[in-house]
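# Remarks on the overall topology
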Amino acid sequence: MFTGLIEEIGTLKRTYKRGEAMVLSIEALRILTDAAIGDSIAINGVCLTVTEMGSNVFTVDVTPQTFRHTNLKDMRPGERVNLERAMQAGGRFGGHIVQGHADGTGAIVSRENEDNAVVYTIRPHDPALMRYVIPQGSVTLDGISLTVVRADHNSFSVSIIPHTLRETALQWKQAGSVINIECDVLGKYVDHLLHFKGAGDTQDADSKPAAKNGITAAFLAENGFF
C-alpha cells in the first residue's frame, strides 16, 4: 500500500519490450537506500516489484495486464517518473489509501495557471471511471495523491500547489500527455457491493436470507448496516 506522496523523481534508463511484456531499469537515489530485491515500488502510481538492483539503478518487470492499462508502455529512456516506496506500518499517512493498481489512463486536456496553483483537467479514456471521481474527493494521478476540485460527466480537474509541481514529474506534463489514474479504493468497493449479483445464495438456519438480486441499499438497511 502507498500514500500518494512522491518520494523521488527517477529517470528511466532502459526499456526492453517483448510483445506486451516489458523490463524497465530506473535510476534513483533516495528510495534505494533501504530497498531490496522483492520490495514494492510505485512507478508513476503502478506497484511493481524490484527484480534487480545495481549502483543507483533498479529493474522491474511489467506484465501484459499492466502494459495494456497504464502509460508505462509509452515511456522512453530519459523520461522522468514518480517513485514511492511501500508505506511502513509506523509511517505518517499523509495522502490517502493508494494501492498502486491503476484503473486506467487519461489525457490531460488543459494546464492553466491560477494564482499560485496550476489546474490540470483530465479526461479518462474510459468514461466509466468518472463514477468514482467526486469533487473534494481523492484521486491518484501518476502516483500523486490529489484532491478533485471539479468533475462533470467526462472530465475532472485537480489543483496543484507549487511544492507538488516541483517535487513530481507532473511538472513536465502538458496538454495531450497520458497519465495513470487510480480512483479512490473505498468508492470502488462500495460501488461493487451495491451492484454485485451473486451466482447463487446460501444460508444457514440462523442467518437472514441473502439478497436475491445482489447487495442493495435496501438490503443493507434491512440487515442493520445503516
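Because the structure is a prediction, the values reported are computed rather than measured. (Residues numbered from 1 in each chain as written. Predicted model: local features only at pLDDT ≥ 70, side-chain atom pairs only at ≥ 80, totals over all residues. Heavy atoms only, no water.)

## Considering the overall build of the protein
Selection rule: Going along the chain from the N terminus, every DSSP run of H or I of four or more residues is numbered as a helix, and every run of E of two or more is numbered as a strand. Any residue under 20% of the maximum accessible area for its type is buried, any over 50% is exposed, and the rest in between are partly exposed; the area is computed with a 1.4 Å probe on protein chains only. Should any heavy atoms of two residues lie within 4.5 Å, those residues are considered in contact. Residue burial considers only the protein chains on display, and all accessible areas are found by Shrake-Rupley using a 1.4 Å probe.
Helix and strand counts for the protein stand at four helices and twelve strands. Residues classed as buried in the protein amount to 41% of the 226 residues present. A sequence separation of at least 24 residues applies to 65% of the contacts in the protein between residues at least 6 apart. Approximately 12,300 Å² of the protein is accessible, and the part contributed by carbon and sulfur atoms is 52%.

## A short note on the environment of Ala-217
Examined against the element boundaries, Ala-217 turns out to sit in helix α4 (residues 217–222). Residues Ala-217 and Leu-193, spaced 24 residues apart in sequence, show a C-alpha to C-alpha distance of 9.4 Å.

## Notes on the sheet that holds strand β6 (residues 80–85)
Cut-off, in case you're wondering: Strands were regarded as paired on the criterion that DSSP finds at least two bridges between them. Only C-alpha atoms enter the line fits that serve as axes; for helices the fit covers just the stretch in contact. Angles between N-to-C directions range over 0 to 180 degrees.
As summarised here, the arrangement of the six strands in space is β1-β2-β5-β4-β3-β6, forming a closed barrel in which the pairing is antiparallel. Neighbour-to-neighbour, the strand axes of the sheet open up by a mean angle of 45°, direction not taken into account. As paired elements, strand β1 (residues 8–18) and β6 share four bridges and run antiparallel to each other. The residue bridging Ile-9 from the neighbouring strand is Asn-82, located in β6.

## As for the side chain of Asp-142
To be explicit about the condition: Contacts described as polar in this section are N or O atom pairs within 3.5 Å, which, within protein, must combine one atom able to donate a hydrogen with one able to accept it, while residues neighboring in sequence count only if both atoms come from side chains.
On the secondary structure map, Asp-142 appears in the loop between β9 (138–141) and β10 (144–151). A distance of 2.9 Å separates the side chain of Asp-142 from the backbone nitrogen of Asn-180, its partner in a polar contact. Non-local contacts of Asp-142, meaning those with residues more than four positions away in its chain, are made with Ile-6, Asn-44, Gly-45, Asn-71, Asn-82, Lys-173, Ile-179 and Asn-180.

## Observations regarding the confidence of the model for the protein
The cut-off we apply is this: Per residue, pLDDT measures the predictor's confidence, with a range of 0 to 100.
On average, the protein scores 89 in pLDDT, and the residues at 70 or more come to 89%. Across residues 201–211 the pLDDT falls below 50, and counting only partners more than four positions away or on other chains, this stretch makes ten contacts in the model.

## A word on the pattern of salt bridges
Operational definition: Here, a salt bridge means any side-chain nitrogen of Lys or Arg that lies within 4 Å of a carboxyl oxygen of Asp or Glu.
Applying the stated criterion across every chain yields a total of seven salt bridges. Residue Glu-7 pairs with Arg-85 through a salt bridge whose shortest N-O separation is 2.7 Å. Here Glu-7, found in the segment before β1, pairs with Arg-85, found in strand β6; they are 78 residues apart in sequence, far enough to count as distant. For Glu-20, the salt bridge identified is with Arg-68, shortest N-O distance 2.6 Å.

## Brief notes about the side chain of Glu-84
How we decide: Note that His is not counted, nor are the chain ends; the positive residues are Lys and Arg, and the negative ones are Asp and Glu.
With respect to the helices and strands, the residue Glu-84 is situated in strand β6. Although Glu-84 lies buried, it forms no salt bridge, and the closest oppositely charged side chain, Arg-85, sits 8.4 Å away as judged by the N-O distance. If we skip the residues at most four places from it in the chain, Glu-84 touches Phe-2, Thr-3, Gly-4, Leu-5, Glu-7, Ile-41, Ala-42 and Gly-143.

## Section: helix α3 (residues 185–195)
The test is simple: Each direction from the helix axis to a C-beta atom contributes to the arc, which is the arc of those directions.
All of the buried residues in α3 are Val-185, Lys-188 and Asp-191. Mapping the buried residues of α3 onto a view down its axis gives an arc of 125°, with all of them on the same face. Facing away from the buried surface of α3 by more than 90 degrees, the exposed residues are Leu-186 and Tyr-189. Elements that come into contact with the buried residues of α3 comprise β12 (178–183).

## Remarks on the sheet that holds strand β11 (residues 156–160)
Sheet architecture is closed into a barrel: six strands sit in the order β7-β8-β11-β10-β9-β12, paired in antiparallel fashion. Within this sheet the neighbouring strands show an average axis-to-axis angle of 45°, counted without direction. In this structure, β10 lies alongside β11, joined through three bridges in antiparallel fashion. When the sheet's bridge partners are listed, Val-148 is paired in β11 with Val-158.

## So, the pairing of β6
Looking at chain direction, strand β3 (residues 40–43) and β6 are connected through three bridges and run antiparallel. Following the sheet pairing, Ile-43 is matched in β6 by Leu-83.

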